[in-house]
Amino acid sequence: SFPQLFGLSLDDNIRRHIDFLVKEVGIPKSRLGKTIASFPHILAYKIKDNLRPTVAYLHGELGIPRERMGKLVSTHPQILGYSVETKLRPMVKYLIEEVGISKEKIGVVVEKCP
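Right, let's walk through the structure included here. No experiment lies behind these values; they were computed from the predicted model shown.

Overview of the packing of helix H1 (residues 10–25) against helix H2 (residues 29–38)
And step 1. Relative to each other, H1 and H2 sit at 130 degrees, their axes nearing to 11 Å. One way to sum up the angle between H1 and H2 is to call them oblique. Note on packing geometry: the crossing formed by H1 with H2 is right-handed. On the side of H1, the interface is formed by Ile18, Leu21 and Val22, while H2 contributes Lys29, Leu32 and Ile36.
And step 2. Grouping the constituent residues of the contact of H1 with H2 by class yields five nonpolar, no polar and one charged.

In structure tokens, the structure reads:
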């Protein structure tokens, strides 16, 4: 449940987030409603401070192609709620260094099981 949804500004939050999710993340409009319904908190995260850096990390450092980013996020929107510094980067480091997953394969692993 996310009762704070109605406290968000339609113009400053909701529309900007929807635009970001469709245009920058690549979530198809046909999946947008289901994505938001499964993780409405995504509408409250700051685009500049939270969402955009996470997308940049997933794409730039983990190598998840932009054309698959929309599917990943629409299926597992909570991934955009994870902190790059305190959650994603330490987990990836552990998987590479301790588990032995190669850097080249880590993006594929994250896509399959975020």
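Moving on from the model shown.
Here's the deal with the environment of Pro77
And step 1. Note that Pro77 resides in the loop between helix H4 (66–75) and helix H5 (84–99).
And step 2. The exposure class of Pro77 is buried, given its relative accessible area of 1%.
And step 3. Sequence separation of Pro77 and Phe39 is 38 residues, and the distance between their C-alpha atoms is 6.2 Å.
And step 4. Other than its neighbours up to four places away in sequence, Pro77 contacts Thr35, Ser38, Phe39 and Ile42.

Some points on the nonpolar core
One recurring pattern in soluble globular proteins is that nonpolar side chains are buried together.
And step 1. Formed by 29 residues in total, the largest nonpolar core has its most connected members in Leu21, Val25, Ile42, Leu58, Leu62, Met69 and Leu80.
And step 2. Counting only elements with at least two residues in this core, the list comes to H1, H2, helix H3 (47–61), H4, H5 and helix H6 (106–112).
And step 3. If one sorts the elements of this core by residue count, H3 sits on top with five residues.
And step 4. Not counting residues within four places of it along the chain, the set of residues in contact with Leu58 comprises Gly63, Ile64, Met69, Leu72, Ile79, Leu80 and Val110.

Section: the environment of Gln78
And step 1. With respect to the helices and strands, Gln78 occurs in the loop between H4 and H5.
And step 2. Relative accessible area serves as the criterion here: at 30%, Gln78 is assigned to the partly exposed category.
And step 3. Considering only alpha carbons, one finds Gln78 and His17, 61 residues apart in sequence, at a separation of 14 Å.

Some remarks on the packing of aromatic side chains
And step 1. Counting across every chain of the model gives one aromatic pair.
And step 2. With a centroid separation of 6.2 Å and 35 degrees between ring planes, the pair formed by Phe39 and Tyr45 is classed as tilted.
And step 3. Residue class for Tyr45 comes out partly exposed when judged on its relative accessible area of 26%.
And step 4. Sitting over the ring of Tyr82, Lys87 keeps its end group 5.8 Å from the ring centre.

Quick notes on the rules
Position numbers for residues count from 1 along each chain, tracking the sequence in the order it is written. Where local features are concerned, this predicted model is filtered to residues with pLDDT of at least 70; where side-chain atom pairs are given and counted, the filter is 80 or more; whole-chain, interface and lining totals use all residues. Values reported for side chains reflect all heavy atoms of the structure, with hydrogen atoms and water molecules removed beforehand. Every axis in this analysis is a line fitted to C-alpha atoms, fitted for helices over the stretch in contact. Angles between the N-to-C directions lie between 0 and 180 degrees. Working definition: helices are DSSP H or I runs of at least four residues, strands are E runs of at least two. Numbering for both runs from the N terminus. For classification purposes, angles smaller than 35 degrees are called roughly parallel, those larger than 145 roughly antiparallel, those between 65 and 115 roughly perpendicular, and all remaining angles oblique. Helix crossings are classified by the rotation of the near helix relative to the far one: an anticlockwise turn of less than a right angle makes the crossing left-handed, while a clockwise turn makes it right-handed. Any two residues having at least one pair of non-hydrogen atoms within 4.5 Å are treated as being in contact. The nonpolar class holds Ala, Val, Leu, Ile, Met, Phe, Trp, Tyr, Cys and Pro. Asp, Glu, Lys and Arg form the charged class, and all remaining residues, Gly among them, are polar. Buried means the residue's accessible area, taken with a 1.4 Å probe over protein chains only, is under 20% of the maximum for its type, while exposed means over 50%, and partly exposed covers the values in between. The nonpolar core is taken to be a set of buried Ala, Val, Leu, Ile, Met, Phe, Trp, Tyr and Cys residues, with the residues joined through side-chain atoms within 4.5 Å. The aromatic pairing rule takes the rings of Phe, Tyr and Trp, using the six-membered ring of Trp, and pairs them if the centres are within 6.5 Å, calling planes under 30 degrees apart stacked, those over 60 edge-to-face and the rest tilted. Two conditions define a charge located above a ring, namely a distance within 6 Å from the ring centre to NZ of Lys or CZ of Arg, and an angle within 35 degrees of the ring normal.

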